[in-house]
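Architecture and fold: a report
Given next are the chains, with one letter for each unit.
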Amino acid sequence: MKNNITREEIGEIYHSPLLSLIQRSAEVHRNSFISGEVQVCTLLSIKTGSCSEDCGYCPQSARYKTGVESQKLMELSTVLESASAAKANGSTRFCMGAAWRNMKSEEDFEHVLEMVRGVSAMGLEVCSTLGMLTDDQAFRLKEAGLTAYNHNLDTSREHYPNVITTRTYDDRLDTLERVGNAKISICSGGILGLGESHEDRISMLHTLASLSVLPESIPVNAIVPVKGTPLEDSPRVSVWDMVRMIATARIVFPTAKVRLSAGRAEMSDVEQALCFMAGANSIFSGDKLLTTPNGSVAADNQLFDILGISAMKPAN
Ligand code: SAM
Ligand code: DTB
Ligand code: SF4
């Protein structure tokens, strides 16, 4: 289903007074979801570092000296142990990330398919983010039981070349199209704090709303500045900007999960609570994102208790 909203309409929502924006997004949220439910997801980096791409924010690019230790594709048993621990900690979605431009090796790909089958058999939703896909890879991932594929637009088409030069915005959109065609749920969002303007954020949401298959989940990341990357000196993203982006995404995509993603570890409980009120209903839990720290399960459980939030059940 396509969303016919215009860029101007998204701009009007985004620029509306913050309190009424939050009130509106909270209402939209309540109409589509049980508002006290949040999807808890765990990330695992199954292949780390030495990436050929030049994404200006990323600690895993081979071009920057960031101190991230490269690791080849993980063993199946290690991945399944990690998925099992994630499940025991209350996660219902397990997301495997790989620092690849794309999957070139058939052997690696088959190994990833085994991981997808194994995690799916545990009754968890399975997500992966492996770079660009071919049609054939998308169909085989679907067949193996993949629930969702994460592939972020990151920012607007206009700002994109200021952040990444080794692949194009259209490459990103092509992969999203392939994911949609294979009937895998699309998980796609962006990062705040890449030096973008408000208009860039609006433009990115409009591109997402124009996809032929709409995203099922939309990660809103705040830049985690990593020493050695071109964006190492990025200032902290204002919580008001996070809330505004989350609320706008909630209104534009009433039935999508809006995921409060990277940057959450730097937010206070009160700031996170505002994001949940504005319509965020998914988080990454666990002490690590892919390579950077991410708070603790205990702290998340405590915050959920305080706010009366419960973990969403898996959809499949
Ligand atoms: N290599 C694949 C790709 O780029 O599609 C998958 C892994 S990549 C690390 C997944 C996403 O992590 C990126 O698209 C970006 O949105 C996010 N990310 C990476 N580094 C980040 C950082 N320092 N702060 C916030 N988000 C980041
Ligand atoms: C997404 O939007 N955020 C996650 C997930 N999708 C793969 C990744 C965040 C990575 C933050 C930097 C790191 O830990 O390496
Ligand atoms: Fe590679 Fe993905 Fe990092 Fe870009 S974001 S450098 S493609 S791992």
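To be clear, the structure that these remarks concern was listed above.
Here is a short report on the structure shown in this document. (Residues numbered from 1 in each chain as written. Chains lettered and ligands numbered in written order. Predicted model: local features only at pLDDT ≥ 70, side-chain atom pairs only at ≥ 80, totals over all residues. Heavy atoms only, no water.)

1. Here we look at the layout of surface pockets
Quantified by volume, the largest pocket comes out at close to 370 Å³. Around the largest pocket, the lining comprises 21 residues; the ones closest to its centre are Leu43, Leu44, Ser82, Asp287 and Lys288. Within the residue set of the lining of the largest pocket, elements represented by two or more residues are β1 (37-47) and α3 (76-88). Element by element, the count of residues in the lining of the largest pocket is highest for β1, at 4 residues. When the residues that make up the lining of the largest pocket are grouped by side-chain class, the tally is 8 nonpolar, 10 polar and 3 charged. Within this model, the second largest pocket holds a volume of roughly 210 Å³. (1 Å grid on protein atoms, 1.4 Å probe; cavity = no way out; pocket = protein on both sides within 12 Å on 5 of 7 lines; lining within 4 Å. Points joined across faces, edges and corners; volume = space filled by probe spheres on them. Helix = DSSP H or I, 4+ residues; strand = E, 2+ residues; numbered from the N terminus. Nonpolar A, V, L, I, M, F, W, Y, C, P; charged D, E, K, R; others polar.)

2. Here's the deal with empty space enclosed by the protein
In the structure shown here, the tally under the stated rule is 3 cavities of 30 Å³ or more. Space inside the largest cavity adds up to approximately 790 Å³. Tyr57, Cys58, Gln60, Asn152 and Leu290 are the residues nearest the centre of the largest cavity, which is lined by 36 residues in total. Of all the secondary-structure elements, those providing two or more residues to the lining of the largest cavity are β2 (93-98) and β7 (217-222). Of the residues forming the lining of the largest cavity, the biggest block, 3 residues, is contributed by β7. Looking at the lining of the largest cavity residue by residue, the classes come out as 20 nonpolar, 12 polar and 4 charged.

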